Amino acid sequence: MSQFTQPQQPFAPDQTPGVRSARNGLGTAALVLGIIGTVSGLIPFLFWLAGILGLIALILGLTGRGRVKRGEATNKGVTTFGAVLGLLALILSVVGAVITFKAVDDAVDEINKASSGSSATADPGATKDEPAPEKTDDATDAPADEEEPPADLLEERDTAVYDDGLEITVGNAAAYTPDAYAAGHTKGNRAYKVSVVVENKTKEKFDAVLVSVDARAGEDGVSAEQIFDGKVGEGFTGTVLSGKKVTVQFAFDTPADAKNLTVEVSPGLDWDASQWELKL
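Sequence order sets the numbering: in each chain, residues are counted from 1 along the sequence as written. Per-residue local features are limited, in this predicted model, to residues with pLDDT of at least 70; the limit for side-chain atom pairs, both in listing and counting, is 80 or more; totals at the level of whole chains, interfaces and linings are taken over all residues. Values reported for side chains reflect all heavy atoms of the structure, with hydrogen atoms and water molecules removed beforehand.

**Some points on the pattern of salt bridges**
Should a side-chain nitrogen of Lys or Arg be within 4 Å of a carboxyl oxygen of Asp or Glu, the pair is scored as a salt bridge. For the coordinates displayed, the defined rule picks out five salt bridges. Here Arg23 ties to Glu72 by a salt bridge, and the two come within 3.4 Å at their closest N and O atoms. Of this pair, Arg23 sits in the segment before α1 (25–41) while Glu72 sits in the loop between α2 (47–69) and α3 (76–116), and the two are 49 residues apart along the sequence. Accessibility here uses a 1.4 Å probe with only protein chains present; expressed as a share of the type maximum, an area under 20% marks a residue as buried, one over 50% as exposed, and anything in between as partly exposed. For Arg23, a relative accessible area of 40% gives the class partly exposed. Residue Glu167 is joined to Lys201 by a salt bridge in which the shortest nitrogen-to-oxygen separation is 3.2 Å. One end of the pair, Glu167, is in strand β4 (residues 166–170); the other, Lys201, is in the loop between β6 (190–200) and β7 (206–207), and 34 residues separate them in sequence. Lys201 gets classed as partly exposed once you look at its relative accessible area, which sits at 46%. Each of Arg23, Arg70 and Glu72 takes part in one network of salt bridges that share partners. A run of DSSP states H or I qualifies as a helix once it reaches four residues; a run of E qualifies as a strand once it reaches two. Both are numbered from the N-terminal end.

Structure follows, in structure tokens:
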């Protein structure tokens, strides 16, 4: 009796041999890093973070595209978009670096200017060139408490000459009568008008809006309030071109017994303030 053996069916595996799963990880990582890098690049002070993430995203995106071409990955759009965002983040990082360094450089310049300031030297007015009167026997009758003004104080019609060529001249204090609607004048006090001349001998235009003028009166140095009416009080406005000058009238309210008026003119942040001692 012969025996027959039934042929066995070959075993079929669940997965076809030689077929690998898609390797899409690099493209996804490039997209995520590219998004974060681009957002960071919109903030100038985070330019360093945008540069690092953008470079990594670009490398991962290009590597992911290589996998797509070899058939190892299927996310071509994701890898391409991640590489593009990485390149954009790199560009934004360069722009942010330029903006940041420029801002820091400007801030340092402003600090240096504010700390050093442009100093001024005194240029005596024309009347100071007149010969001094000869002393007589009556000179002994002069009050003994009168002293020469400090060396750093200018006198009326003196000019403060700054290193860059800016010049400021303050005239004498003349009695002034405010109008009926004047602000800053107190009944019983006296008012004095002072002319301030700014001459721009620098090579650039001068912003006169930043010029401030203040005053103190009397031996106690009480604040002399500025008077505003229809004729005075407007102050400096606009700009002064190179080689031009502008004159503005100021009026100040002083105690009735004040014998002197100290006027301080500050041209701006880049210049030291200068003071004039005016006799009333």
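**What to know about a nonpolar patch on the surface**
Nonpolar side chains collect at one region of the surface, where Leu87, Ile91, Val95 and Ile99 lie side by side and expose about 350 Å² of accessible area between them. Structurally, Leu87 can be placed in helix α3. By definition, no residue in a patch forms a salt bridge, and every one has over 30% relative accessible area; like charges are joined within 9 Å, nonpolar side chains (Val, Leu, Ile, Met, Phe, Trp, Tyr) within 5 Å. Only the protein chains shown count as cover for residues, and the accessible areas themselves come from Shrake-Rupley with a 1.4 Å probe.

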